[in-house]
Amino acid sequence: MELKTTDITKIDYNNHRFSLTNGQLFLLGVLEENAIKDTPILKAEVGLENKVLFNPLFSILKVNDQFLSPKLHKPIHHSQTYRIEEDVLYRETSYVIDGVKITVSSERFLDHKDMLIYTQYNFKTSHPVNIDFFHGIDDTSIHNTQGVNYIKSKLHEISMKTKVDDYLVLMYNKNFRHKNYNQKNEPTEHYKITTEANRQYTITKMIGYGPRIRELKKLINYKMNQSYDKLKEEHIISKTALLEENKMTIVNNRKVDFLLKYVYRQHFNQYSSLNSTNQTGIEDYTRIIFYLYNKPQFAKNILLTKLAKFKEYKGFAEMIGYKGAFVTNNIQDFTIGHRLIYEGALFIYLFNMYEEMTLDKSMHREYLHLSIDICRFYMSYASLNENQSHYNFNNVSNANKSLNHINNHTLTNYLIKNALFITRSILNKCINDEKCDEYNVNNDSTFIKELKTFEKKIYVQKPDINHLIYPYQDFKKDIHNSRLEINDNKNIILFDQLYLFILFSDLYSKKMINAHIKYYSRFTSKKSLNYILLKMISNDIISSDEIEELVRTLSLKKESLMINHKGIDLGIQGLLYIFMIHRLSGLRFSGTHFMVDSLLPRNIRRVEFNIKYKSYSGHIKIKRNSAHLYWSN
């Protein structure tokens, strides 16, 4: 299955659509040539920090004083192809200059085990011609913010040290022997070649990034001694097997099937990333749900990363004047009115879900201690109202930060209330169990009573007479005063309400969900992303024709569901997966009892997918009039 384009006018768009990542290294860009924004930029993720680096794939031809790039010289052919099963990006461009056809092709992929980049760049000419070939590490990109301390180049190797004491190392082999005309210790090399007709000139590169240059060079050198074709074959076999083992198949609808496979590939590739871009603002939920059903270890990795930052979270709370632990992915944004304070409560929600679905209690002690401090943060952050009847959480942001300085954000308050309940339940169980040594509460139930009292007084909205529950306390007033701009291009409200109904589905009736869909439908069209989000809330109350229309819209909107203006959007992609699993397929479970109540439209004949649950693996096959679930250990 391929993602392919011949359109060179949408370079910025394709940079994200065709981006490659192994969770720590990101290759953003589709062209090797240095054409400013079109340059492939390597980004490395270290903790929560993105380090923007250089273009280590830089390769460009110069013929008759013309640099050959699709943006600088119009080609007779240009294509980019991403093969999803292989997880390899291919590119081919052809030009005609003075009657000579010049073809450039390349391929690239990323190693997930050793965190290296592999690429092969080829060119050939139909007739002999004098060309200049440049390659190496482009350190002149406008994206570069790192700076360079020094550069070292020698035969088959270029390395540089950045000003943040990290190293970028490139080693290469080539099938031609020509003199490098550039000076030693320059980041690029320059070869002058009189080509042979139809001979393919090839340069194979292996690239790594990290803080220890000796280990990096040793690893890359070891890989260079292996066959590139063998490394690529091993990569394709492992990638294809991973997708085949876990994929969802949509029969009779190639567009939606393609969309789901792209979702699977991107989630598997970015399992270790904490910085993938999203519009939803609550992406950890959709990612962990995906991993719990497909690769529970990946969900555990995300939770472990957050547990490891326990002391840092306590420091954040103290930094802004509160007790406990302030969990945040945005450590630099402490502005009043712009705080995403729900993240700690969401962590408790997700960790509790992880333990229930996997029966893994190996992290329980650390989880409990962090949960207690998260609750302490909320207890110190909240403020009593004037008559002291309830606690408010004021001056916060909504989930995707499109609204700031709002009071009692409904989703946030429900998450906090739920987090307090979960923590209190664990503590009660722990205190009543004489063998429990996971938490030392001094055999005192005072703190648990404080939790219960605080939980009862948290302000949560009740539905009005029209069965509507609003996104935050002053929503109706803001609508009246035109503070809010709700239209097809703004996802201000729908993410908040969507997650509210998904995370706390047991609290809301079909009548209430139907009222919300009807209310917000006034602000959206059937061709918009908002329409898709509305229909994702529940399929219990929509007809087969509406499902048909929704699936058709998904097919049309497949590109915008893949990316946003900053990159791959795992949040929305995760929502699509949840919709397919729980809404379209109708999968429900309680304990060990599973049920499927699907509503397949005419343009989907069958749905198949695998799930992991506790210690079991299951395969589900759903047709319009039947459903089968097969379990194996």
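One can find the structure itself at the top, above this paragraph.
The following paragraphs examine the structure supplied in this document.

Reading the values: the criteria
- Residues numbered from 1 in each chain as written.
- Predicted model: local features only at pLDDT ≥ 70, side-chain atom pairs only at ≥ 80, totals over all residues.
- Heavy atoms only, no water.
- Pairing = 2+ DSSP bridges.
- Helix = DSSP H or I, 4+ residues; strand = E, 2+ residues; numbered from the N terminus.
- Axes fitted to C-alpha atoms, helices over the stretch in contact; angles between N-to-C directions.
- Contact = heavy atoms within 4.5 Å.
- Core = buried A, V, L, I, M, F, W, Y, C linked by side-chain atoms within 4.5 Å.
- Buried < 20%, exposed > 50% of the residue type's maximum accessible area, 1.4 Å probe, protein only.
- Salt bridge = Lys/Arg side-chain N within 4 Å of Asp/Glu carboxyl O.
- Phe/Tyr/Trp six-rings, centres within 6.5 Å; stacked < 30°, edge-to-face > 60°.
- Lys NZ or Arg CZ within 6 Å of the ring centre and 35° of its normal.

### Section: the sheet that holds strand S14 (residues 157–162)
- Reading across the sheet, the nine strands line up as S1-S8-S9-S10-S11-S17-S15-S14-S13 and stay open at both edges, with antiparallel pairing between neighbours. Each edge of the open sheet carries a strand with a single partner, namely strand S1 (2–5) and strand S13 (148–154). Here the average twist between neighbouring strands, direction ignored, is 15°.
- The pairing of strand S10 (residues 100–110) with strand S11 (residues 117–125) spans nine bridges and is antiparallel. In the strand pairing of S11, Ile102 is matched with Thr125.
- The sheet contacts of helix H2 (residues 213–224) involve S11, S14, strand S15 (167–174) and strand S17 (201–210), and relative to S15 the element is tilted by about 20°.
- In the packing of helix H4 (residues 254–269) onto the sheet, the strands contacted are S1 and strand S8 (77–83), and the crossing angle to S8 comes to about 70°.

### Looking at the nonpolar core
- In terms of nonpolar packing, the biggest core is built from 177 residues, with Met248, Tyr285, Leu415, Met580 and Phe609 touching the most fellow members.
- If we skip the residues at most four places from it in the chain, Met248 touches Asp257, Leu260, Lys261, Tyr264, Tyr577, Met580, Ile581, Val607, Glu608 and Phe609.
- With 16 residues, the next largest nonpolar core counts Val169, Met171, Ile213 and Ile220 among its residues.

### Observations regarding the pattern of salt bridges
- Within this structure, the stated rule accounts for 23 salt bridges.
- We note a salt bridge from Glu244 to Lys247, for which the minimum N-O separation is 3.1 Å.
- The residue Asp284 makes a salt bridge to Lys306 at a minimum N-O spacing of 3.2 Å. Residue Asp284 is found in helix H5 (residues 283–294), and its partner Lys306 is found in helix H6 (residues 296–307); the two are separated by 22 residues along the sequence.
- Given the relative accessible area of 13%, Asp284 is considered buried.
- Members of the salt-bridge network, linked through shared partners, are Glu32, Glu33, Arg91 and Arg108.

### Considerations on the sheet that holds strand S26 (residues 616–623)
- Read across the open sheet, the four strands follow the order S18-S25-S26-S27; overall the sheet is antiparallel. Each edge of the open sheet is held by one strand with a lone partner, namely strand S18 (249–251) and strand S27 (627–632). Ignoring strand direction, the axes of neighbouring strands in this sheet form an average angle of 15°.
- As judged from the six bridges shared by S26 and S27, these two strands associate in the antiparallel manner. Bridge pairing in S27 links Ile622 to Ala627.

### Considerations on the packing of aromatic side chains
- Taken as a whole, this structure holds 48 aromatic pairs when the rule is applied.
- An angle of 20° between the planes, with centres 6.4 Å apart, marks the rings of Phe133 and Tyr191 as stacked. On the criterion of sequence distance, the pair formed by Phe133 in strand S12 (residues 130–136) and Tyr191 in strand S16 (residues 188–194) is long-range, its members being 58 residues apart.
- With a centroid separation of 4.2 Å and an interplanar angle of 5°, the aromatic rings of Phe351 and Tyr367 are classed as stacked. Of this pair, Phe351 sits in helix H8 (residues 343–358) while Tyr367 sits in helix H9 (residues 364–381); the two residues are 16 residues apart in sequence, bridging distant segments of the chain. Note on accessibility: Phe351 and Tyr367 belong to one class, buried.
- An aromatic cluster of three or more residues is present, and its members are Tyr264, Phe268, Tyr271, Phe290, Tyr291, Tyr293, Phe298 and Tyr577.
- Taking the ring centre of Phe447 as reference, the NZ or CZ of Arg376 above it sits at 4.7 Å.

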